[in-house]
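Residues per chain, in single letters:
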Amino acid sequence: MDPACAMAKGEMVRKPATLKDVAALANVSRATAARALNSYGYVGNETAQKVQAAAEKLGYRGNRLAQALRSGQLPIVGCILGDIQNPFFARIAHDIEVLARECGHNLVIGSSEEELGQEISLLASLQSLSIRGFIVAPTSADNNAHLKGLIAENVPLVLIDRVAEGIDCDSVVVDNEGGARKAVEYLIGMGHRRIGLLQDDMRIFTSRERMSGYRAALAAGGIAPDDRMVSVSQSTVEHAVDATIRLFSQKSPPTALFTVDSLMTQGALLAFRSMGISIPHDVSLIGFDDFNLATFTDPQITVVSQPVAEIGRAAARLLFDRLSGKCGKPQKLRFETKMIVRGSVSRRRDA
């Protein structure tokens, strides 16, 4: 009978032997049994043999995993990303895990869900397991004492997608400001003057950078910034729907919209559908981040594309270089973005 079935039927199943059981059978203290089984400290040969024999007789296995984690012997690295429901972070996590396996390591992944407190808690929990190094997408550009603590302890750290003020370590980002500027300049070139922005919390590095690009393009086009053209949303489809509806319920709504990530783009598409707003006839749309559905919509969505297939692997290579003993100044990698023009932008008739 299957042991689980036996337990379900109330039958007796022998409990696994404990360190206390081994020590009692060998007639030694638990501390002595632990030293003999884990090969640390001094234990006489005769005593060690008694303990080993008792362990074998009882079928004692011990918690080898916990022991290895505490001693830092297991090849495990940690990765804390913003929200792994976001396709961008999901792809990055996948690529890091693939390269980690190629390097003989396992990966523990955590999602901060863009909450600083959760990021700090996750990092503390993983540190207690003596994980060898970390790849982190920091939720805050400013509040980063926990990351400084890693640097002070010489724990290998790579920042991905974002950087944090005062943290001098390896990093992999893209040209967020330049990508956003290209998108908004393209809209201006198509005759748009009321250009909306759907953005994330400004404590996040990428949100700040993309806002800077948006503003720089407006300034270069002689367009004064207008707070009514900006709507703040969490990076989820649901919140983006609400933020888009607020933005386009104004008396003079934008004629074009720039969204700062793919989830917001999808939320904007759903909002436009619910409001009866047609793309690109009533409003033009450009999103930061390409995504699978962007080419399945009608029209297809114009996007600022990141080299997502390179970002995760680049960060993982930097981390494993450090773990292999590579020294030198921190590497600061910055990838360029690419504008992919599809069908979601139209020229203003009154331009």
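No experiment lies behind these values; they were computed from the predicted model shown.

Looking at this structure, I do not really get the overall build of the protein chain. What am I missing?
A tally of regular secondary structure across the protein chain gives 13 helices and 12 strands. Against the 2.2 N^0.38 benchmark of 20 Å for 351 residues, the protein chain shows a C-alpha radius of gyration of 27 Å, more extended than a compact globule. By its C-alpha atoms, the protein chain is 95 × 55 × 30 Å across when sized along the principal axes. Taking all 351 residues of the protein chain together, 48% fall into the buried category. Taking all contacts inside the protein chain whose residues are at least 6 apart in sequence as the whole, residues at least 24 apart take part in 68%. Carbon and sulfur atoms provide 51% of the accessible area of the protein chain, an area that totals close to 17700 Å².

Would you mind showing me how to read the state of the cysteines here?
As used in these notes, a disulfide is a covalent bond between sulfur atoms, one from each of two cysteines. Applying the stated rule across the entire model yields 0 disulfides. In this structure C169 is a free cysteine whose sulfur lies 13 Å from that of C79, the closest cysteine sulfur available. Residue C169 is classed as buried on the basis of its relative accessible area of 5%.

Teacher, can you tell me more about helix α10 (residues 205–220) here?
Since one α-helical turn is 3.6 residues long, residues separated by three or four positions face the same way. Between its first and last C-alpha, α10 extends 23 Å over 16 residues, near the 22 Å set by a 1.5 Å rise per residue. Listing the buried residues of α10 in full gives F205, T206, S207, R210, M211, G213, Y214, A216, A217 and L218. Looking at the packing, one finds that the buried side of α10 touches β5 (170–174), α9 (176–189), β6 (195–199), β7 (230–232) and β9 (284–288). Count one or two residues on from α10 and you reach G222, which has phi positive near 70 degrees.

Any chance you could explain the domain arrangement of the protein chain here in plain terms?
How big an interface is tends to be stated in terms of the accessible area lost upon association of its parts. Split by domain assignment, the protein chain resolves into domain 1 (2–62), domain 2 (69–174 + 308–335) and domain 3 (176–306). The C-alpha centroid of domain 3 is placed 63 Å from the C-alpha centroid of domain 1.

I keep staring at helix α6 (residues 87–102) and nothing clicks. Help me out?
The end-to-end C-alpha separation of α6 is 23 Å, in line with the 22 Å expected for 16 residues at 1.5 Å each. Those residues of α6 not exposed but buried are F88, F89, I92, A93, D95, I96, V98, L99 and A100. Contacts made by the buried residues of α6 are with β1 (76–81), β2 (106–111), β3 (134–136), β4 (157–160) and α13 (308–323). Put simply, N86 is the residue that caps the front of α6, since its side-chain oxygen is 2.9 Å from the backbone nitrogen of F88. Following α6 by one or two positions, G104 adopts a phi angle in the positive range, close to 75 degrees.

Help me out: how do you make sense of the packing of aromatic side chains in this one?
According to the stated counting rule, one finds 3 aromatic pairs in the structure shown. When the ring centre of F288 is taken as reference, the NZ or CZ atom of R210 above it lies at 3.8 Å.

What should I look at first to understand the packing of helix α3 (residues 30–38) against helix α4 (residues 45–58) in this one?
Describing two packed helices takes the angle between their axes plus the distance from one axis to the other. It is at 9 Å that the axes of α3 and α4 come closest, and there the two elements cross at 85 degrees. Regarding the angle of α3 to α4, the classification is roughly perpendicular. Here α3 contributes T32, A33, A36 and L37 to the contact with α4, which in turn contributes T47, A48, V51, Q52 and A55. When its residues are assigned to classes, the contact of α3 with α4 shows 6 nonpolar, 3 polar and no charged.

Would you mind showing me how to read the sheet that holds β9 here?
Strand pairing in a sheet takes place through backbone hydrogen bonds and is either antiparallel or parallel in direction. Strands sit in the order β7-β6-β8-β9-β10-β12 across an open sheet of 6 strands; the sheet is mixed. The open sheet has two free edges, formed respectively by β7 and β12 (338–340), since each of these has just one partner strand. This sheet shows a mean twist of 15 degrees between the axes of neighbouring strands, independent of strand direction. Sheet topology note: the β9/strand β10 (residues 302–305) ladder contains 3 bridges and is parallel. In the strand pairing of β10, G287 is matched with V303. Contacting β6, β7 and β8 (256–259), helix α11 (residues 237–248) crosses the sheet at an angle of about 155 degrees to β7. Along the sheet, helix α12 (residues 262–275) contacts β6, β8 and β9; its crossing angle with β8, the most-contacted strand, is approximately 145 degrees.

Looking at this structure, I do not really get the pattern of salt bridges. What am I missing?
Oppositely charged side chains can form a pair if their charged atoms are brought close together. Under the criterion given, the structure shown has 14 salt bridges. Salt-bridge contacts for R101 lead to E97; the nearest nitrogen and oxygen are separated by 2.8 Å. With R101 and E97 both in helix α6 and 4 residues apart, this pair spans about one turn of that helix. E114 is the salt-bridge partner of R162, the closest N and O atoms lying 2.7 Å from each other. Of this pair, R162 sits in the loop between β4 and β5 while E114 sits in the loop between β2 and α7 (116–127), and the two are 48 residues apart along the sequence. Accessibility expressed as a relative area gives 13% for E114, which makes it buried.

Parameters at a glance
Residues numbered from 1 in each chain as written. Predicted model: local features only at pLDDT ≥ 70, side-chain atom pairs only at ≥ 80, totals over all residues. Heavy atoms only, no water. Helix = DSSP H or I, 4+ residues; strand = E, 2+ residues; numbered from the N terminus. Rg over C-alpha atoms; globule rule 2.2 N^0.38 Å. Buried < 20%, exposed > 50% of the residue type's maximum accessible area, 1.4 Å probe, protein only. Contact = heavy atoms within 4.5 Å. Areas by Shrake-Rupley, 256 points an atom, 1.4 Å probe, with all protein chains shown as cover. Disulfide = S-S within 2.5 Å. Expected span 1.5 Å × (residues − 1). Domains from an automatic or database assignment. Polar contact = N/O pair within 3.5 Å; in protein donor to acceptor, adjacent residues only side chain to side chain. Phe/Tyr/Trp six-rings, centres within 6.5 Å; stacked < 30°, edge-to-face > 60°. Lys NZ or Arg CZ within 6 Å of the ring centre and 35° of its normal. Axes fitted to C-alpha atoms, helices over the stretch in contact; angles between N-to-C directions. Parallel < 35°, antiparallel > 145°, perpendicular 65-115°, else oblique. Nonpolar A, V, L, I, M, F, W, Y, C, P; charged D, E, K, R; others polar. Pairing = 2+ DSSP bridges. Salt bridge = Lys/Arg side-chain N within 4 Å of Asp/Glu carboxyl O.

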